[in-house]
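Here are the chains, one letter per residue:
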Amino acid sequence: MKYSPHSERAPITEIFSSLQGEGPRMGERHIFIRFEACHMACAYCDETGKKAKEMLLADILNEVTRLERKSGPHACVSLTGGEPLLYADFLKPLCVALQKRKFRILLETSGILWRQLSGVVGACDIIAMDLKLPSVTRQKEFLEEHRKFLKLAKRKETYIKVVISRNVEVCEFKQHLRMVAQVAPRTPVFLQPMSRREKVYPDPALMRLLDELQRTGAKQLSDVRVGVQLQKLMNIP
Ligand code: SF4
């Protein structure tokens, strides 16, 4: 795990213009700023380990401005990773500078680092948080961290992504959605089939499980949907 000691620069693996591939903003054109490293090691992750370069705030803003001119207009700047909240000291001045340039900020996060979120939530417009199920990540449970995170995030436009694999237990799934129902029951929840890189949903058993979990989740919350990853269907970054 790497934490940047700087608030003036951060390790960035890529900055690019593309279509948002997930959640309620799927299909919008965004500028993506991808931060290096993550505090998690999800079994299905295909993002960590990418080579980064340290970039100054001014260099990132210049690149965002260049992309906006070349490929805009963009609906949002998406801060993604890795885990952007590892660089919370850097995020706040970055978000403020982007908002001054009239960009909306979408923070894509594991939904666990609630202390770090508390310092930057005011500077974000939209928060896309994960609910990490231990049967899928092969990590420990983060239910209480997710609860604290959602309590902070819910003052903004927030939605939740849950990656689903064939290993998911219905009781584990219901337990996590119960927490959402207690904290912020109107938050949209997207169930997303686990996939890696270019592989697109080849598993009929997983599709049946998604169907079952959507019906189960819709009894607990008002907005539970099955989501796809547009970037994998369209083979775009
Ligand atoms: S939280 Fe996201 S970036 Fe981090 S290891 Fe898990 S899938 Fe990868």
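Structure report, in brief. Bear in mind the structure is a predicted one, so any value in this text is a computation, not a measurement.

**Structural notes on a nonpolar patch on the surface**
On the surface, a cluster of nonpolar side chains totalling about 330 Å² of accessible area is made up of Met-26, Val-228, Leu-233 and Met-234. Residue placement: Leu-233 occurs in helix 8 (residues 230-234).

**Things to note about the packing of aromatic side chains**
Two aromatic rings, taken as a pair, are described by how far apart their centres are and by the angle between their planes. Evaluated as defined, the whole model comprises 4 aromatic pairs. Ring geometry for Phe-16 versus Phe-32: centroids 5.1 Å apart, planes at 15°, classification stacked. Taken together, the residues Phe-16 in strand 1 (residues 9-19) and Phe-32 in strand 2 (residues 29-35) connect sequence positions 16 residues apart.

**Here we look at the site of the ligand**
Lining the immediate surroundings of the ligand are Cys-38, Met-40, Ala-41, Cys-42, Tyr-44, Cys-45, Gly-82, Ser-110 and Lys-132. Put simply, the ligand lies in the largest pocket.

**As for the packing of helix 6 (residues 170-183) against helix 7 (residues 204-218)**
Across the interface, helix 6 lies against helix 7 with an axial gap of 10 Å and an inter-helix angle of 40°. Of the two possible hands of crossing, helix 6 and helix 7 adopt the one that is right-handed. Across from Val-170, Phe-173, Lys-174 and Leu-177 in helix 6, the residues of helix 7 making contact are Glu-212, Leu-213, Thr-216 and Gly-217. Across the contact of helix 6 with helix 7, the residue classes tally to 4 nonpolar, 2 polar and 2 charged.

About the thresholds
Residues numbered from 1 in each chain as written. Predicted model: local features only at pLDDT ≥ 70, side-chain atom pairs only at ≥ 80, totals over all residues. Heavy atoms only, no water. Patch = residues over 30% accessible without salt bridge, like charges linked within 9 Å, V, L, I, M, F, W, Y side chains within 5 Å. Areas by Shrake-Rupley, 256 points an atom, 1.4 Å probe, with all protein chains shown as cover. Salt bridge = Lys/Arg side-chain N within 4 Å of Asp/Glu carboxyl O. Helix = DSSP H or I, 4+ residues; strand = E, 2+ residues; numbered from the N terminus. Phe/Tyr/Trp six-rings, centres within 6.5 Å; stacked < 30°, edge-to-face > 60°. Near = heavy atom within 4 Å. 1 Å grid on protein atoms, 1.4 Å probe; cavity = no way out; pocket = protein on both sides within 12 Å on 5 of 7 lines; lining within 4 Å. Sits in = over half its atoms within 2 Å of the grid points. Axes fitted to C-alpha atoms, helices over the stretch in contact; angles between N-to-C directions. Left-handed = near helix turned anticlockwise from the far one by under 90°. Contact = heavy atoms within 4.5 Å. Nonpolar A, V, L, I, M, F, W, Y, C, P; charged D, E, K, R; others polar.

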